[in-house]
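Report on the structure
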Amino acid sequence: MIDGNVIKTQRKKLHISQKDLADNITTQGTISALERNSTTPSSEILAKILDRLSLSLDDVLVANTKIQNQRFLNTADKQFMNYQFEDTLATLKKIKKTTVPEQQAHFNFLKTTAAMWIKKDYDDAVFGYNQILQESTDKANIYTILAICELGVTYEMKKELDKSSFYFKQLPALLTKINTDKNVFWYLMLLDNLSKYYSNTENYSSCLESLTTAIKFVRKHNTPMFMDSFYFLYATTLRDQHDSWTQEALAYMIKAWSFADFLGDKLVLQKAQEHLEQQNIL
């Protein structure tokens, strides 16, 4: 597959319209589709297009690796989001070496995190996340922010809470820099981890504020992702804040139980059911 963006960039650089580029070669519609990566013309037509743009086949095929890598990264994302960490690592092995900084950070984040949850090697994870931070030139890049968050998680798993707090305290400001509509899952994952940090440090007001933001965002995007986790944490935080199971807390726990059942989240479902049974709800 040819990277149509290279064609488009060169055409505009030479101030050639799609109609002029297509003249006596093909149709304007074909040029438009080619630039959108929606079609690949015959070798004869492609050779004429490249000649008119003073491009070689290598010029457009180099970027093809970028496209293929992105497809593998997209597949790995879906596997990661479904907690299929072994499959995530298997897909990442198919990716060829990339010189694209964002793709490299994306690759490193998925590989480091998937390996961490499989092997429970937190020291290796710390190295991987720090590598992302050192190599990143864009501190607002989503994978840089995710690396900072996961350093907080990792140090929490290592019981080094001061170091964990150092990273989590950076998150609120960093969350404002994210293109949330473009990164729905990652944004929700960040809010989930931040809310859990607030809960673990007994900062109940910040925890509830973070969860309220998360739940509103979920509703806005009409997705059930993380809803069982958000409702469960909301319920237990209200309980801890008031030192008892209020009606509001129990209502949130029922929601957590319902979403966990819908999503097939056995862990949250079991915990929610235990709480509700203890309160004679189920």
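Model, not experiment: these values are computed from the prediction.

With respect to helix H7 (residues 101–119)
The terminal C-alpha atoms of H7, which comprises 19 residues, lie 26 Å apart, in line with the 27 Å expected from a rise of 1.5 Å per residue. Looking at H7, one finds that the buried residues are Gln103, Ala105, His106, Phe107, Asn108, Phe109, Leu110, Thr112, Thr113, Ala114, Ala115 and Met116. Two residues or fewer past H7, Lys120 is found with a positive phi of approximately 60°.

Focus on the environment of Glu35
When you line up the elements, Glu35 lands in helix H3 (residues 28–35). A relative accessible area of 9% places Glu35 in the buried class. In sequence terms Glu35 and Gly4 are 31 residues apart; their C-alpha atoms lie 3.8 Å from each other. Not counting chain neighbours up to four residues away, the residues in contact with Glu35 comprise Gly4, Asn5, Ile7, Lys8, Arg11 and Gln18. Here Gln18 takes part through its side chain, which lies 2.9 Å from a polar atom of the side chain of Glu35.

Points about the packing of helix H15 (residues 247–263) against helix H16 (residues 266–278)
Following both chains from N to C, one finds H15 and H16 inclined at 145°, their axes separated by 8 Å at the closest point. The handedness of the crossing between H15 and H16 comes out as left-handed. Note on element contacts: H16 touches H15 through Val268, Leu269, Ala272, Gln273, His275 and Leu276, opposite Leu250, Met253, Ile254, Ala256, Trp257, Ala260 and Asp261.

The rules behind each value
- Numbering of residues starts from 1 in each chain and follows the order in which that chain's sequence is written.
- Local features in this predicted model are restricted to residues whose pLDDT is 70 or higher, and side-chain atom pairs enter the listing and the counts only when it is 80 or higher, whereas totals over whole chains, interfaces and linings include all residues.
- To obtain the side-chain values, all non-hydrogen atoms of the structure were included, while hydrogens and water were left out.
- Per the convention used, a helix needs a DSSP run of H or I reaching at least four residues, while a strand needs a run of E reaching at least two, with both numbered from the N terminus.
- By definition here, a helix of n residues has an expected span of 1.5 Å times n minus one.
- Buried means the residue's accessible area, taken with a 1.4 Å probe over protein chains only, is under 20% of the maximum for its type, while exposed means over 50%, and partly exposed covers the values in between.
- Contacts were defined at the residue level, with two residues in contact if any of their heavy atoms lie within 4.5 Å.
- Pairing of N or O atoms within 3.5 Å defines a polar contact, subject to two protein rules: one partner must be a possible hydrogen donor and the other a possible acceptor, and residues neighboring in sequence count only if both atoms are side-chain atoms.
- Between N-to-C directions, angles cover 0 to 180 degrees, with each direction set by a line fitted to C-alpha atoms, over the stretch in contact for helices.
- Crossing handedness is defined as follows: a turn of the near helix away from the far one that is anticlockwise and smaller than a right angle gives a left-handed crossing, while the clockwise case is right-handed.

Honestly, that's just the spatial picture; any functional story needs more than this.
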